[in-house]
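# Residue-level structure breakdown
Here is what each chain is made of, one letter per residue.
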Amino acid sequence: MQAAMRQLADMRAVLLCILLSLLPFSHACPKECSCNGNAKVVDCRGRGLYDIPHPLHPDTQELYLQDNRIRGLGSMAFREIPIVRVLDLSNNSITSVSPTALLGLRNLQHLGLAYNNLRELDKRLFGPIRTLSHLDLSHNSLWGLSGAMGDNLRNLSHLGLAHNRITRLDRSLLEALTRLDSLTLRGNPWRCDCQIIGLKLWLETYLFKGGVVDEVICSHPEEMRDRDLQKVPYQVFHVCMTTSYHYLFANIHHLETERLLRSHAHGNHAHPSSHALHIPIGEGLGGGTGGGGGGGGGSLPECEPKQRHRPVNLRHAIATVVITGVVCGIVCLMMLAAAVYGCAYAAIMAKYQRELKKNEELAAARKADHTTGDEKEPLENAIA
């Protein structure tokens, strides 16, 4: 009996130790931070932190880490707080963010990364999140955002991109943000060349639908410096089509020369079809630099010249120019025929007017002679 009582007492002691060991984790709060009673709001602002504090209560819904010295976010950096809704990391020294840093945050709505040193963000970063509505990336060193991020940011209502190093913004990204209410873009060195037309068109549609945006002030080229893109007339961009075609043909010539040089260097003699150069017109208009030419073949011997295959799109462009020339020729011929007809009609009408006037003069002369004869006859009768 005493042995049983002693065993029961030991079991109670072990159970008590287990409960005591679990008690601190039921309301886990990092010692560097302050938490509310249920540890749902964790405030770690201005604590000189170099890393994410631990332990964090799994029920944490708001985590504030502004004004610290955090330099990077590793993979699954917030796995302890899977239901967090607000995560603010503004004003730190973050230079790198792992593509899987936000993995597991299925309820995140507000993410603040402003005032850091971010240069780029991986397109996979926001993949696991479908609830994000507020994203602040202002005051960083971002060169742009990948268009592939659009599908993962469809629920955004606010996007902050002010004061970065963005010169262009992918229109496909913006068109995916169908719920966007406000957008900040000021303080970026926008390059207002032919490739900015897509952004200008999107901005006009966005503002027409009631969206709010601050401003897009051009920095390049020099003649566009300090001009607001929204106020620049479309006539300024009329030269873009000519410039784009000049670039396209220059790029084709460059790639063909590069291909020939590479062929001679390697001494290959592949079939000429492997050298077919295909550069879509859209890529030429985009202004990006093309890659290499054909797939590693050599040039044909000089004694066997063959017609070089032309890109389909280039043939379409030439056909368009020919058709346009034919139409213009037909229009010119029609205008010439109209001019000849007009001149002939005017000559006929002039001749008709001259004959009409002559007949009127003859009729008037005959009438005058008849009147004179009537006056002489009464006078002769009176003398008689």
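Remember, predicted model here, so these are calculated numbers, not experimental data.

### Re the overall build of the chain
Scanning the chain from N- to C-terminus turns up six helices and 13 strands. A total of 384 residues make up the chain; the buried ones form 30% of that total. Just so you have it, the chain exposes about 24000 Å², and 58% of that area is on carbon and sulfur atoms.

### Things to note about the environment of Gly127
Summarising the element assignment, Gly127 is placed in the loop between β7 (110-112) and β8 (134-136). Accessibility expressed as a relative area gives 23% for Gly127, which makes it partly exposed. In this structure the C-alpha to C-alpha distance between Gly127 and Leu102, which are 25 residues apart in sequence, comes to 8.8 Å.

### Concerning the packing of aromatic side chains
Counted under the stated rule, the structure contains two aromatic pairs. Note on Trp202 and Tyr206: the rings are 4.7 Å apart at their centroids and 15° apart in plane angle, and the pair reads as stacked. Of this pair, Trp202 and Tyr206 both sit in helix α3 (residues 197-208), four residues apart, roughly one helical turn. Its relative accessible area of 7% is what places Tyr206 among the buried residues. Seen from their ring centres, Tyr341 and Tyr345 are 6.4 Å apart, and the 20° between their planes marks the pair as stacked. You can see Tyr341 and its partner Tyr345 sitting in helix α6 (residues 312-383), four residues apart, about one turn around the helix. Positioned over the ring face of Tyr64 is Arg45, at 5.6 Å from the centre of the ring. Over the face of the ring belonging to Tyr234 we find Lys200, whose NZ or CZ atom lies 5.0 Å from the ring centre.

### Quick look at unusual backbone geometry
Here the residue pair His54 and Pro55 is connected by a cis peptide bond, since its omega of -10° sits within 30 degrees of zero. Here the amide bond leading from His220 into Pro221 is cis, since omega sits at -10°, within 30 degrees of zero. Tracing the backbone through its elements, the reader meets Pro221 in the loop between β13 (218-220) and α4 (240-266). One non-glycine residue, Asp226, adopts positive backbone phi at about 65°. With respect to the helices, strands and loops of the structure, Asp226 is situated in the loop between β13 and α4. Judged by its relative accessible area of 62%, Asp226 is exposed.

### Regarding the confidence of the model for the chain
Detailed reading of the predicted coordinates is not advisable wherever pLDDT falls low. Looking at the chain, pLDDT values average 78 and 70% of them are 70 or higher. The low-confidence segment residues 268-310 (pLDDT under 50) makes 71 contacts with residues lying over four places distant or belonging to another chain.

### Observations concerning the UniProt feature "transmembrane region" (unreviewed entry) in the chain
In the numbering used here, UniProt assigns the feature "transmembrane region" (unreviewed entry) to residues 317-348. Spanning residues 317-348, this segment combines 100% helix with 0% strand, and its end C-alpha atoms are found 47 Å apart.

### Digging into the pattern of salt bridges
In this structure the tally under the stated criterion is 11 salt bridges. For Arg171, the salt bridge is made with Glu175, and the minimal N-O distance between the two is 2.9 Å. Of this pair, Arg171 and Glu175 both sit in helix α2 (residues 171-176), four residues apart, which is roughly one turn of that helix. The exposure class of Arg171 is partly exposed, given its relative accessible area of 32%. The closest approach of N and O atoms between Lys200 and Glu204, which form a salt bridge, is 3.8 Å. Placement of the pair is Lys200 and Glu204 together in helix α3, with a separation of four residues, close to one helical turn.

### Examining the sheet that holds strand β1 (residues 34-35)
The strand order across the open sheet formed by nine strands is β1-β2-β3-β5-β7-β8-β9-β10-β12, and the pairing between neighbours is mixed. A strand with exactly one partner marks an edge of an open sheet, and here the two such strands are β1 and β12 (212-213). Note: strand β5 (residues 86-88) against β7, three bridges, orientation parallel. Bridge pairing links Leu87 to Leu111 in β7.

### Regarding the nonpolar core
Counting residues in each nonpolar core, the largest one holds 62 residues, and the members touching the most others are Phe78, Leu89, Leu121 and Phe126. Elements with a minimum of two residues in this core: α2 and α3. Ranked by residues supplied to this core, first place goes to α3 with four residues. Residues in contact with Leu121, not counting those within four places in the same chain, are Val97, Phe126, Leu137, Leu142, Leu145 and Met149.

How each quantity is defined
- Residues numbered from 1 in each chain as written.
- Predicted model: local features only at pLDDT ≥ 70, side-chain atom pairs only at ≥ 80, totals over all residues.
- Heavy atoms only, no water.
- Helix = DSSP H or I, 4+ residues; strand = E, 2+ residues; numbered from the N terminus.
- Buried < 20%, exposed > 50% of the residue type's maximum accessible area, 1.4 Å probe, protein only.
- Areas by Shrake-Rupley, 256 points an atom, 1.4 Å probe, with all protein chains shown as cover.
- Phe/Tyr/Trp six-rings, centres within 6.5 Å; stacked < 30°, edge-to-face > 60°.
- Lys NZ or Arg CZ within 6 Å of the ring centre and 35° of its normal.
- pLDDT = per-residue confidence, 0-100.
- Contact = heavy atoms within 4.5 Å.
- UniProt positions renumbered as here; feature names shortened; annotations may be inferred.
- Salt bridge = Lys/Arg side-chain N within 4 Å of Asp/Glu carboxyl O.
- Pairing = 2+ DSSP bridges.
- Core = buried A, V, L, I, M, F, W, Y, C linked by side-chain atoms within 4.5 Å.

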